[in-house]
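Close look at the chain arrangement
Chain by chain, the residues run as shown.
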Amino acid sequence: MRPSLQILSEELTTRIVDEAKRVLAEVGMEIRGPEMRRRLLDHGLPLDHSGQRVRFPRDVVDQAIADAPSSFVLYDRAGNPHADIGGDRVHFVPGSSGLKVLDHRTGETRLANSTDFVEYVRLGDGLANIPYLATAFSTNADIEAQVSDAWRLYMTLTNSNKPVVSGAFTEHGVPRMVEMMQLFRHDRADLIARPMSIFTITATGNFRYSEDSCQNLIDCVEAGVAVEIVPVTLMGLIAPVTTVGATVFHTVDVLAGITMAQVIRPGAPVLFGGAPATFHMKIASSPMSAIEALQLDAAYVAVGKSLGLPTQSYMALSDGPILDAQAGAETFGSALIAALAGVNSVSGPGMLDFLLVFSLPKLVFDDEMCGQALRFVREVQPLDDLPIDGLIQHLMADQHLIMAEHTTRHWPEELYLPSPVVDRDNREAWTKQGAKDAYRRAIDEVDRRLGAYHQLETDPAIDAELRRIIRSGLIDQTTLPDIPVAPEPVLVSGPGTAGRRHNRRRERIGGGGDAGGEP
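Analysis parameters
Residues numbered from 1 in each chain as written. Predicted model: local features only at pLDDT ≥ 70, side-chain atom pairs only at ≥ 80, totals over all residues. Heavy atoms only, no water. Buried < 20%, exposed > 50% of the residue type's maximum accessible area, 1.4 Å probe, protein only. Helix = DSSP H or I, 4+ residues; strand = E, 2+ residues; numbered from the N terminus. Pairing = 2+ DSSP bridges. Axes fitted to C-alpha atoms, helices over the stretch in contact; angles between N-to-C directions. Parallel < 35°, antiparallel > 145°, perpendicular 65-115°, else oblique. Contact = heavy atoms within 4.5 Å. Nonpolar A, V, L, I, M, F, W, Y, C, P; charged D, E, K, R; others polar. Patch = residues over 30% accessible without salt bridge, like charges linked within 9 Å, V, L, I, M, F, W, Y side chains within 5 Å. Areas by Shrake-Rupley, 256 points an atom, 1.4 Å probe, with all protein chains shown as cover. Salt bridge = Lys/Arg side-chain N within 4 Å of Asp/Glu carboxyl O. 1 Å grid on protein atoms, 1.4 Å probe; cavity = no way out; pocket = protein on both sides within 12 Å on 5 of 7 lines; lining within 4 Å. Points joined across faces, edges and corners; volume = space filled by probe spheres on them. Phe/Tyr/Trp six-rings, centres within 6.5 Å; stacked < 30°, edge-to-face > 60°.

Topic: the pairing of strand 11 (residues 226–231)
Burial of strand 11 is extensive: six of the six residues sit out of reach of the surface. Burial of the side chains of strand 11 extends over both faces: Ala226, Glu228 and Val230 are buried on one face and Val227, Ile229 and Pro231 on the other. One ladder, built from six bridges, connects strand 9 (residues 197–203) with strand 11; its direction is parallel. Pairing of Phe199 across the sheet is with Val227, part of strand 11.

And the structure:
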């Protein structure tokens, strides 16, 4: 049995879905993208009495749910299967939409730049519990806004072999990014057959889809890029303050996006996603780690699973400004809820301050929290321990089980051993090692991992074409930002690592090998 979380009864889930379909059919959605609106009307969807909103008949929504796949596979840059998105399979991914970084070298919170971003990618490439990456934060003033999305994708593609969650910043940003990803496949059909990215489509709120979201959705689906439909459901401000009411609002927004995707191309992979928060009635903030927001996460994920759809959420993050006790509690608590709920793609690790600030030390700390959450939800089953008589006899004979054949066979898989970021020693040993708190230990781990990173090789012709594609979108800027070359990997040492060189073999395009940082 896999440990799980059940937050809605089957009967209540059915009522929520039924109410959402009724709202879609009677109230409809404001579709601000002219091309999307035209395609929906051509498909037979009617307008409301005002002529302003598109209604989504129940049979059209039902057909879209039936057409949407229950799972899909993400492939890495080299074209190998990497992550199976569906069922109760959980994947933790760095959060997105940050503008700033908490500089672990100076302690300063500042606007991020390209050097920060490439260090993040190199660090994330080696984290075992972060199976794919995200274009996590903006690089701000060092690149023109209209190509900043493509620039972040470039730095990801040339420094990590992992798939990536991304998205376009402008109405027509997707084609450029698709052209870049296609360079790592034989052709467009191969990119569709072996997708390497998930793009985020944001539902605007107030039962509305913006021009940008509509056009990005069309471009992604036509190019075969998987999409996650992510409403920002703000409980108490633009959605009901109650869990059931907010889940209905949320479901309306997501089902509209799923329906539009299937109208464009039946069978298009799409995730039932979201980024809910509550509205703080005293200070007017919007915490995503509020316990009610986490309950809404679990509720809408249950709805998505009831419909047989892969799911996404923003969890395993903190609204706090620094990596402290609050950040640790919010991150692990929400990561565990996400794992128990079986969320397929969990965006959040590395994020602080309401998704505005990214922290490399927090990313390595979160990798540990996610690893423990994943360990907790592994299937519980007998392992040579029923009946128990043999183990009792061994204990009575030796007064311990540490050398028992059962222990030596099973402990490597059964006991999760964290990295030095998590201190599991006594106070005396902790003091001898410098009495470092969790943040200081995380900083050390960041430096160790960055020092062990092995530069991913990219075919020079592909690299040149990637840069040409980005430069073609520049208006006033004449050069692309400089990216620091990764130093040669060094011999790393530390608890559990002394004497081992953590290099991974180089990978060339099409070679199918691993690349980047250490495991």
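Some words on the packing of helix 2 (residues 34–42) against helix 9 (residues 243–264)
It is at 10 Å that the axes of helix 2 and helix 9 come closest, and there the two elements cross at 75 degrees. Classified by the interaxial angle, the pair formed by helix 2 and helix 9 is roughly perpendicular. Here helix 2 contributes Met36, Arg39 and Leu40 to the contact with helix 9, which in turn contributes Met260, Val263 and Ile264. Of the residues in the contact of helix 2 with helix 9, the class split is five nonpolar, no polar and one charged.

Let's talk about the environment of Thr479
Looking at where Thr479 falls in the secondary structure, it is placed in the segment after helix 17 (460–471). Once the C-alpha coordinates of Thr479 and Gly320 are considered, the two residues, 159 residues apart in sequence, prove to be 37 Å apart.

Re the sheet that holds strand 5 (residues 100–102)
On the basis of which strands lie adjacent, the open sheet formed by four strands has the order 6-5-18-17 and mixed pairing. Single-partner strands in this sheet number two, and they are strand 6 (109–111) and strand 17 (351–352). Sheet analysis places strand 17 next to strand 18 (residues 357–358), joined by two bridges and oriented antiparallel. Bridging from a neighbouring strand, Leu352 pairs with Val357 of strand 18.

Quick look at the sheet that holds strand 8 (residues 164–166)
In space, the five strands of this open sheet follow the order 7-8-9-11-13, with parallel pairing throughout. Edge positions in the open sheet fall to strand 7 (133–134) and strand 13 (270–272), since each of these has one partner strand only. Across three bridges, strand 11 lies against strand 13 in parallel orientation. Bridging from a neighbouring strand, Glu228 pairs with Leu271 of strand 13.

A look at a nonpolar patch on the surface
Together, Leu99, Leu111, Phe354 and Leu356 make up an exposed nonpolar region whose accessible area comes to about 330 Å². Note on placement: Leu356 falls in the loop between strand 17 and strand 18.

Overview of the layout of surface pockets
Of the voids in this model, the second largest pocket is the one considered here, and its volume is about 740 Å³. What lines the second largest pocket is a set of 30 residues, and nearest its centre among them are Ser96, Ser97, Thr200, Thr202 and Tyr314. Only strand 8, strand 9 and helix 8 (211–223) provide two or more residues apiece to the lining of the second largest pocket. For the lining of the second largest pocket, the element with the most residues is strand 9, which contributes four residues. Considered class by class, the residues forming the lining of the second largest pocket number 15 nonpolar, 13 polar and two charged.

Observations concerning the packing of aromatic side chains
Summed over the entire model, instances satisfying the criterion amount to eight aromatic pairs. With a centroid separation of 5.3 Å and 65 degrees between ring planes, the pair formed by Phe117 and Phe137 is classed as edge-to-face. One end of the pair, Phe117, is in helix 4 (residues 114–125); the other, Phe137, is in the loop between strand 7 and helix 5 (148–157), and 20 residues separate them in sequence. For the residue pair Phe117 and Phe137, the accessibility class agrees, reading buried in each case. An angle of 40 degrees between the planes, with centres 5.2 Å apart, marks the rings of Phe137 and Phe358 as tilted. Linking Phe137 in the loop between strand 7 and helix 5 with Phe358 in strand 18, this pair joins segments that are 221 residues apart in sequence. An aromatic cluster is built from Phe117, Tyr120, Phe137 and Phe358, whose rings are joined through pairwise contacts.

A few points about the pairing of strand 2 (residues 71–75)
Sheet analysis places strand 2 next to strand 3 (residues 81–86), joined by five bridges and oriented antiparallel. Bridge pairing in strand 3 places Ser71 opposite Gly86. Between strand 2 and strand 3, which pair antiparallel in sequence order, lie five residues; one of them, Gly79, sits at a positive phi of approximately 95 degrees.

Overview of empty space enclosed by the protein
Here the structure, examined in full by the defined rule, presents one cavity of 30 Å³ or more. Among the residues forming the lining of the largest cavity, the class breakdown is five nonpolar, two polar and no charged.

Remarks on the pattern of salt bridges
Under the counting rule described, the total for this entry stands at 29 salt bridges. Residues Arg208 and Glu30 are paired through a salt bridge, measuring 3.2 Å at the closest nitrogen-oxygen approach. Here Glu30 lies in strand 1 (residues 30–31) and Arg208 lies in strand 10 (residues 208–209), a separation of 178 residues in the sequence. A salt bridge links Arg378 to Glu414; the shortest N-O distance between them is 3.1 Å. One end of the pair, Arg378, is in the loop between helix 12 (360–376) and helix 13 (389–398); the other, Glu414, is in helix 14 (residues 405–414), and 36 residues separate them in sequence. The class for Arg378 is partly exposed, based on a relative accessible area of 31%.

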